[in-house]
Each structure stands twice: as structure tokens, then as C-alpha cells.
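# Structural overview for review
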Amino acid sequence: MQTQFHGKTIELRQGDITAEQTDAIVNAANSRLAGGGGVDGAIHRRGGLTIMRDTRDRYPAGCPTGSAVISTAGELNAKYVIHAVGPVWHGGGRGESELLRGAFRRSLELAAEHGCRSIAMPALSTGAYGYPMDEAARIALATAAEFLKTHDQPELIRFVLFDGAAYDAFAAALESVRDD
Ligand code: APR
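Let us look at the structure shown here. All figures in this text were calculated on a predicted structure; none of them were measured in a lab.

## Section: helix α3 (residues 96–113)
The terminal C-alpha atoms of α3 lie 26 Å apart, and with 18 residues this matches the ideal 26 Å at 1.5 Å per residue to within 8%. Those residues of α3 that fall on the buried side of the exposure criterion are Glu96, Leu100, Gly102, Ala103, Phe104, Ser107, Leu108, Leu110 and Ala111. Summarising the contacts, the buried residues of α3 are in contact with β3 (24–28), β4 (68–72), β5 (80–84), β6 (118–121), α4 (133–150) and β7 (156–161). One or two steps after α3, the chain reaches glycine 115, where phi turns positive at roughly 70°.

## Some words on the site of the ligand
Neighbouring residues of the ligand: 23 residues in total, closest Asn30, Gly37, Asp40, Ser125 and Thr126. Contact with the protein chains hides 88% of the accessible area of the ligand, taken as 710 Å² for the molecule alone. Counting residues per element, the shell around the ligand draws most heavily on helix α1 (residues 38–47), at 4 residues. Class assignment of the residues belonging to the shell around the ligand gives a composition of 12 nonpolar, 9 polar and 2 charged.

Conventions used here
- Residues numbered from 1 in each chain as written.
- Predicted model: local features only at pLDDT ≥ 70, side-chain atom pairs only at ≥ 80, totals over all residues.
- Heavy atoms only, no water.
- Helix = DSSP H or I, 4+ residues; strand = E, 2+ residues; numbered from the N terminus.
- Expected span 1.5 Å × (residues − 1).
- Buried < 20%, exposed > 50% of the residue type's maximum accessible area, 1.4 Å probe, protein only.
- Contact = heavy atoms within 4.5 Å.
- Near = heavy atom within 4 Å.
- Areas by Shrake-Rupley, 256 points an atom, 1.4 Å probe, with all protein chains shown as cover.
- Nonpolar A, V, L, I, M, F, W, Y, C, P; charged D, E, K, R; others polar.

Fair warning: the whole summary comes from geometry, so function is off the table for now.
Below, the structure is given as C-alpha cells:
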């Protein structure tokens, strides 16, 4: 499923984000950039050790929640990995929505700053960090659509969803963003 926003594209795809061939792939990282399971585990496994070496050299202090940093993509079919740190869900009263928006927004800014024409993003925070999928999908898509209003790049923002439930939640949210 895809929709045009200001001449650029937001697309939804079900699958494994490490197989993407976009210029940038976004990782669902933690603030220590220490690696983990889920998307993070898959990216480091498939991308090789150079990704961790690069993030340790460049970002020894890690990355704050609600932001992102950029590294080499190692052996992945991308130019860059962008490590985005979404919030842990605590019920919604601890600024989670702004932090999630910030993680997506900073990822898109980094992609634009590095001349990326395409970016693949996962459903940040919806796995180990427990963010409710429907709400996360609305924030992800609203942030992407808002970004495309004022930026020429990336021309393609692809959300790569791991399973059918995540895909359906994003599809419903994309309909409502389109109608705004
Ligand atoms: N491709 C696409 N999506 C995936 C993949 C994959 N290979 N693997 C998991 N997902 C989905 C999950 O189903 C979930 O919807 O990505 C979403 C995010 O899940 P997590 O990877 O658990 O990320 P998050 O909830 O942000 O938690 C981050 O988990 O792995 C650790 O180091 C990481 O501490 C950090 C925390």
C-alpha cells in the first residue's frame, strides 16, 4: 500500500527490514546503542561487526531517547543505518508520544542531511518497549507526512512491518492521515 504526499511516497510493506535496499534503514535501538533482540539483533547479525564498531567510535555516550544517530550499514544493502531510540511505554503519561515522534523525526532529518532518497523504518517501540501498535502507527505516519510537507528528501518513506497485525494497524492509520 502506498500514498503520495507532496509528490513523495509513503509506503507500507510487510517483511524483514534487514532485506531492504533503501538508502537508509532505521534500527530500533536502545540509548546505550548496546545491541539487543528484535530489529536491533537482526540488523547487527546481518550487517556484521562494523556497525557496532562504528557506533562505539562515533557515539561512545550513546543516543538519548527520542533521538537518533547514523552509522555505516556494514554488509546490509543500504548506505546507512540510522539508530533511533524510541521510548519504553509506561502508560502514556511520561511524554512517550513526543519521544516517539522525536525518534522518527530525527531519523528523517538524518536521512535528508545525508542525501538519502529512500528510507525504511520499523514500528519503533512496539516490540520490547511495549508501545500500543495503533497509537504508534498514528504517530509514525503523522510524523512522516508532516516531514514531507517541508522536505524534498527522502522521496520514499517505507514502513516495514513484521506481521499482519502491524501492517493492518499502519494501513488504518495511513487512511486517517491521508484524509486529514
Ligand atoms: N523487521 C521488521 N520489523 C521487525 C523485525 C524485523 N526483522 N524484528 C522485529 N520487528 C518488529 C517487532 O515486531 C515490533 O513491532 O519491530 C517492532 C519493534 O520491536 P523491537 O525490535 O523489539 O524494538 P522496540 O520495541 O523499539 O524495543 C527496542 O529492544 O532489541 C531491543 O536493543 C533493543 O533495547 C532495544 C529495544
